[in-house]
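Spelled out from the first residue to the last, the chains are:
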Amino acid sequence: MAHEWCFRFDLDLSEALGRRISPDAMVVQEDRNLVMGGVKILDLDSHNGLDAAYQAIADHRPLPLGRYLLSRSRGSQAYWTYQAVVHDLEERPSSRPGNVRRSLTAILSDAVRRGMSSLSVEPLGMWRSRGLTVEEMVEAFEAAILETSLDLRSPMRLTLLLEDLDRLEEVSHLLRSRLLRKASRSFRTVDNETALVEVRQGGARLHCRFVPGSLSGYAVTCVEPPNAPS
């Protein structure tokens, strides 16, 4: 049975936050020792596998890479904040694509469970010259998006915020070229003015539609889930 919900991935400039974009939550990057941002009011429960994060904070131990923390909105800030634990600033490079993929996938799953439908995110894993390359960051985001789309139970929109138009165009080109390389087939006709590409992922079929008027990206719909009856 095909899913009726779609995952939309967009790009925008960082300055759009609070102006054109009002997300339910913002995803920021964090070091495993919590030196990149302050821990605020945490909202973690025993059902999402983050008991270790509580204990790590209490014991002043480094957090496991690929995890996350969640803080509630405060004051005039309308959105919640996910802290993606994707850096170890004592290492070079400070981040790995696998850690970004795991953290972002877990955050998206948690956001859906909490009824959120719109998230904005920093370019996770990229920090000065010590983290991921742009190509590695795009690879990790693509993997998390396709994995999340396999079992999406409600609509989700993720907006990657970048510092300038040059970086936005670079990421847009990489996203589209990677998706086209993964395509099992593409439709040269148009569907509601959007080009459609089919990608196979873990036995499932995903239809990816390039979003009109968007430099970024695409909307992903799972039209055949894994292990679907023939």
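Residues numbered from 1 in each chain as written. Predicted model: local features only at pLDDT ≥ 70, side-chain atom pairs only at ≥ 80, totals over all residues. Heavy atoms only, no water.

1. Things to note about the overall build of the protein chain
Check the secondary structure of the protein chain and you find four helices and ten strands. Going from the N terminus to the C terminus, the protein chain shows its helices and strands as β-β-α-β-β-α-β-α-β-α-β-β-β-β. Per-residue burial for the protein chain yields a buried fraction of 49% across its 230 residues. Of all intrachain contacts in the protein chain linking residues separated by at least 6 positions in sequence, the fraction that spans at least 24 positions is 67%. Within the structure as shown, the protein chain displays about 11,400 Å² of accessible surface, and the carbon and sulfur contribution to it stands at 47%. (Helix = DSSP H or I, 4+ residues; strand = E, 2+ residues; numbered from the N terminus. Buried < 20%, exposed > 50% of the residue type's maximum accessible area, 1.4 Å probe, protein only. Contact = heavy atoms within 4.5 Å. Areas by Shrake-Rupley, 256 points an atom, 1.4 Å probe, with all protein chains shown as cover.)

2. With respect to the environment of Glu90
With respect to the helices and strands, the residue Glu90 is situated in the loop between strand 4 (80–87) and helix 2 (97–113). Sequence separation of Glu90 and Asn33 is 57 residues, and the distance between their C-alpha atoms is 9.7 Å. In this structure, Glu90 is in contact with Asn33 and Arg130, ignoring residues within four places of it in sequence.

3. Overview of helix 2
Taking 1.5 Å of rise per residue, the 17 residues of helix 2 would be expected to cover 24 Å, and the 24 Å separating its terminal C-alpha atoms lies within 8% of that figure. Looking only at helix 2, the buried set comprises Asn99, Val100, Ser103, Leu104, Thr105, Ile107, Leu108, Asp110, Ala111 and Val112. Of the residues trailing helix 2, Gly115 is marked for its positive phi of about 85°. (Expected span 1.5 Å × (residues − 1).)

4. Some points on unusual backbone geometry
The omega torsion across Arg92 and Pro93 is -5°, close enough to zero to call that bond cis. Its place among the elements puts Pro93 in the loop between strand 4 and helix 2. Positive phi values are uncommon outside glycine, yet Arg128 reaches one of about 55°. Mapped onto the secondary structure, Arg128 falls in the loop between strand 5 (118–121) and helix 3 (134–149).

5. Focus on the pairing of strand 5
Side-chain direction in a regular strand flips from residue to residue, so the side chains alternate between the two faces of the sheet. The side-chain alternation of strand 5 yields two buried faces, one formed by Ser118 and Ser120 and the other by Leu119 and Val121. One ladder, built from three bridges, connects strand 2 (residues 25–31) with strand 5; its direction is parallel. Pairing of Met26 across the sheet is with Ser120, part of strand 5. Relative to strand 6 (residues 156–162), strand 5 runs parallel, the two being bridged by four bridges. Looking at strand 6, one finds that Leu119 is bridged to Leu158. The parallel pair strand 5 and strand 6 is bridged by helix 3, and the resulting crossover is right-handed. (Pairing = 2+ DSSP bridges. Right-handed = clockwise from strand over helix to strand, strands pointing away.)

6. Here we look at helix 4 (residues 165–182)
For helix 4, built from 18 residues, the straight-helix expectation of 26 Å at 1.5 Å per residue is met to within 8% by its first-to-last C-alpha distance of 26 Å. Turning to helix 4, its buried residues are Leu168, Val171, Ser172, Leu174, Leu175, Ser177 and Leu179. Its side-chain oxygen 3.2 Å from the backbone nitrogen of Asp166, Asp164 forms the N-cap of helix 4. (Polar contact = N/O pair within 3.5 Å; in protein donor to acceptor, adjacent residues only side chain to side chain.)

7. Overview of the packing of aromatic side chains
When we look at a pair of aromatic rings, we describe it by the centre distance and by the angle of the planes. Scanning the entire structure with this criterion turns up three aromatic pairs. A centroid spacing of 6.2 Å and a plane angle of 55° characterise the contact between Phe9 and Tyr218, whose relative ring orientation is tilted. Of this pair, Phe9 sits in strand 1 (residues 6–13) while Tyr218 is found in strand 10 (residues 218–224), placing the two residues 209 residues apart along the sequence. By relative accessible area, which is 0% here, Phe9 ends up buried. Members of the aromatic cluster, connected to one another through ring pairs, are Phe9, Phe141 and Tyr218. (Phe/Tyr/Trp six-rings, centres within 6.5 Å; stacked < 30°, edge-to-face > 60°.)

8. Concerning the nonpolar core
The biggest cluster of nonpolar side chains holds 51 residues, and the ones touching the most others in it are Phe9, Tyr82, Leu119, Phe141 and Leu158. Among the elements that line this core, the one with the most residues is helix 3, at eight residues. With residues up to four places along the chain from it excluded, the contact list for Leu158 reads Phe7, Arg8, Phe9, Asp10, Leu104, Leu108, Leu119, Val121, Phe141 and Ile145. With five residues, the next largest nonpolar core counts Ala16, Ile21, Met26 and Leu161 among its residues. (Core = buried A, V, L, I, M, F, W, Y, C linked by side-chain atoms within 4.5 Å.)

It is worth stressing that arrangement in space is one thing and function is another; only the former is reported here.
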